[in-house]
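# Structural description and commentary
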Amino acid sequence: MNIHIFENETEVLVLSVEQLQKMAPHHFTINERVPGIEGRAFDLATWYESWSKKSTNPTHIKVEAVDEFQAMIPWDELDSAAILYEQNEKPLKKGFPIRLYVPDGSSDCLNVKSIVKIFFIRDQSLGNESSFGFKNTLDVSDLGKQYLKKKSE
Ligand SMILES: Nc1nc2c(c(=O)[nH]1)N[C@H]1C(S)=C(S)[C@@H](COP(=O)(O)O)O[C@H]1N2
Ligand SMILES: [Mo]
């Protein structure tokens, strides 16, 4: 199962889990950031920075899962965000192909399992609140809700 990477709404990369994690400069065991969870993870922000070579950061990321659960998260909440990709040296049993953890996030609900799309978004108007939920039925931030609705029309 591949991971699709977008800049705003433009698909720019399609990667296997192996390709994705090999690009990442900073790996660690996830329990350094999320006590009680085991496995190997990489830092999301430095993955983006080392790949994109852009001088400024996105304003938000949006992640979308196989089951159409999604989350939109302001960049400022992602300081310790990590992508879990391996447990016991094997692919994830729960959350395959990859799972996001957002230790500085506003809710555990942002720890999206089974991510297949990551959007790096530059749009200040999306505001400072994170949002999550199933596609088209988001229940947290009105701004995020409007944005996702607009994009799905
Ligand atoms: N793909 C996907 N990820 C998801 C969800 C979901 O329904 N689908 N639920 C979220 C919510 S609301 C919570 S509280 C956590 C629960 O994580 P857990 O299954 O490890 O307890 O996963 C989040 N990640
Ligand atoms: Mo949740």
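These notes cover the structure that comes with them. (Residues numbered from 1 in each chain as written. Chains lettered and ligands numbered in written order. Predicted model: local features only at pLDDT ≥ 70, side-chain atom pairs only at ≥ 80, totals over all residues. Heavy atoms only, no water.)

## A closer look at the side chain of Glu 64
Heads up, the rule is: Counting from the N terminus, the helices are DSSP H or I runs at least four residues long and the strands are E runs at least two residues long. Three exposure classes are used, based on accessible area relative to the maximum for each residue type with a 1.4 Å probe and protein chains only: buried under 20%, partly exposed in between, and exposed over 50%. A 3.5 Å cut-off defines polar contacts: any pair of N or O atoms within that distance qualifies, except that in protein one atom must be a possible hydrogen donor and the other a possible acceptor, and neighbouring residues in sequence count only when both atoms are side-chain atoms.
Secondary-structure assignment places Glu 64 in strand S5 (residues 60–65). Judged by relative accessible area, which is 6%, Glu 64 ranks as buried. A polar contact of 3.3 Å, which involves the side chain of Glu 64, links it to the side chain of Gln 70.

## Focus: the nonpolar core
Note the cut-off: Definition used in this section: a nonpolar core is a set of buried Ala, Val, Leu, Ile, Met, Phe, Trp, Tyr and Cys residues joined via side-chain atoms within 4.5 Å. Any pair of residues with heavy atoms lying within 4.5 Å of one another is described as a contacting pair.
Membership of the largest hydrophobic core comes to 31 residues, with the highest contact counts inside it found for Trp 47, Ile 61, Ile 98, Leu 100 and Phe 120. At the level of secondary structure, the elements contributing two or more residues to this core comprise strand S1 (3–7), helix H1 (17–22), helix H2 (44–52), S5, strand S6 (69–74), strand S7 (82–86) and strand S9 (115–121). Here this core takes four residues from H2, the largest share from any one element. Filtering out sequence-adjacent residues up to four positions away, Ile 61 remains in contact with Leu 44, Ala 71, Met 72, Ile 73, Trp 75, Leu 78, Leu 100, Phe 119 and Phe 120. Membership of the second largest hydrophobic core comes to eight residues, among which are Val 34, Ala 41, Ala 82 and Tyr 101.

Everything listed here is a matter of geometry and, on its own, says nothing about what the molecule does.
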